[in-house]
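# Architecture and fold: a report
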Amino acid sequence: MSDLAVTTSRKASTEQQDRARAWAERLAVPLVPRKGRSIAEVATDEDVTGVLVISDRDPVYYKPGRQLEYFFHPNMAKVRIHNLKAGRGDPMVEAMQLSGDDTVLDCTLGRGCDAIIASWVVGETGKVAGVERIPILAALTAHGLANYEIQPADVAAAMRRIEVHQADYHNVLVDADSASFDVVYFDPIFGQPLDGSRAMDLLRALADQHSVDAAALREAHRVARRAVVVKQPRGSSYWEQLPFCFEIVAGGASRVEYGRLSAS
Ligand SMILES: C[S@@+](CC[C@H](N)C(=O)[O-])C[C@H]1O[C@@H](n2cnc3c(N)ncnc32)[C@H](O)[C@@H]1O
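We now turn to the structure provided with this report. (Residues numbered from 1 in each chain as written. Predicted model: local features only at pLDDT ≥ 70, side-chain atom pairs only at ≥ 80, totals over all residues. Heavy atoms only, no water.)

## Some thoughts on the side chain of T141
Take T141: it is sitting in helix 6 (residues 135-147). Those residues in contact with T141 that lie beyond four places of it in its chain are F72, L109, G110, R111 and G112. (Helix = DSSP H or I, 4+ residues; strand = E, 2+ residues; numbered from the N terminus. Contact = heavy atoms within 4.5 Å.)

## Quick notes on the site of the ligand
Residues in close proximity to the ligand total 23 residues, the closest being D114, E132, Y169, D187 and D208. Between an oxygen atom of the ligand and a main-chain N or O atom of R111, the distance comes to 3.0 Å. Contacts to the ligand include D168, whose side-chain N or O atom sits 3.0 Å from a nitrogen atom. Put simply, the parts of the chain that give the shell around the ligand at least two residues each are helix 5 (113-122), strand 6 (127-132) and helix 8 (169-175). Among the residues forming the shell around the ligand, the class breakdown is twelve nonpolar, four polar and seven charged. (Near = heavy atom within 4 Å. Polar contact = N/O pair within 3.5 Å; in protein donor to acceptor, adjacent residues only side chain to side chain. Nonpolar A, V, L, I, M, F, W, Y, C, P; charged D, E, K, R; others polar.)

## Brief notes about the pattern of salt bridges
Using the criterion set out here, one finds 16 salt bridges in the structure. Measuring nitrogen to oxygen at the nearest pair gives 3.7 Å for the salt bridge that ties D114 to K231. One end of the pair, D114, is in helix 5; the other, K231, is in strand 9 (residues 224-233), with 117 residues separating them in the sequence. Of the two residues, D114 and K231, neither departs from the other in class, the shared state being buried. (Salt bridge = Lys/Arg side-chain N within 4 Å of Asp/Glu carboxyl O. Buried < 20%, exposed > 50% of the residue type's maximum accessible area, 1.4 Å probe, protein only.)

## Thoughts on unusual backbone geometry
The peptide bond linking Q151 to P152 adopts the cis configuration, its omega dihedral lying at 0°. Positioned with a positive phi, K35 is a non-glycine residue whose angle comes to about 50°. In this fold, K35 is placed in the loop between helix 1 (14-27) and helix 2 (39-46). In the Ramachandran plot, D47 falls in the positive-phi region, its phi being about 60° despite a non-glycine side chain. Mapped onto the elements of the fold, D47 is located in the loop between helix 2 and strand 2 (48-54).

In structure tokens:
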């Protein structure tokens, strides 16, 4: 059984079929005709665990065996930017000490919500590059950041500016020059889910769930000009296992905290 096939909606136009073919080529997976079948039938007949459906709406990734349906959505990005505009601040931005012109390497891009906030803050003269290891997540996030329609225009522009790389951050960090980004950021999947957020449950089901190891932090420390910032649940024991001394920065009213390792 393989991981993924691409198909179309039941009544696909030629244009839809062309887009589905382009997705299949980009992800290097088979394109299979829908032939009026349900998604579960496509998965069973084609012997795949996941099906990406290209239609006239946004692309949707289905995992019928796990009743999972995943598509790009910028989550809380709009609300967080609204809060920043209203002067209410954002704990991640404060932990990063982020301002215009900064450069950020987001090693755990996921859906890209944190990267959108960072991109909005650093503005047109800054830069945010996001790294995501899981190919389907990287592809859907890259497509969503480039195409998702959202108002106001400055939020859309912040999304469009983010560079997406499908890669393992260990490799990206090893290849990166020393002091080449102001901030290197990690938001790993937490060992225990924090709440019943459906959006996070879906991401968790697809994501690489490893925590950030000391080797990655060591490389990140070399690559960061200002700081390495890691997100964890509030009161996490993660920091105690590390050979580095992270300063814990409050996560505001939320149930997370940020660890900040300043560049030497
Ligand atoms: C909690 S999510 C990040 C959510 C993100 N901050 C957001 O705002 O949407 C963690 C993401 O990091 C990815 N990830 C985990 N290990 C990785 C690695 N070694 N290289 C690249 N991405 C990785 C996971 O697949 C997952 O999508």
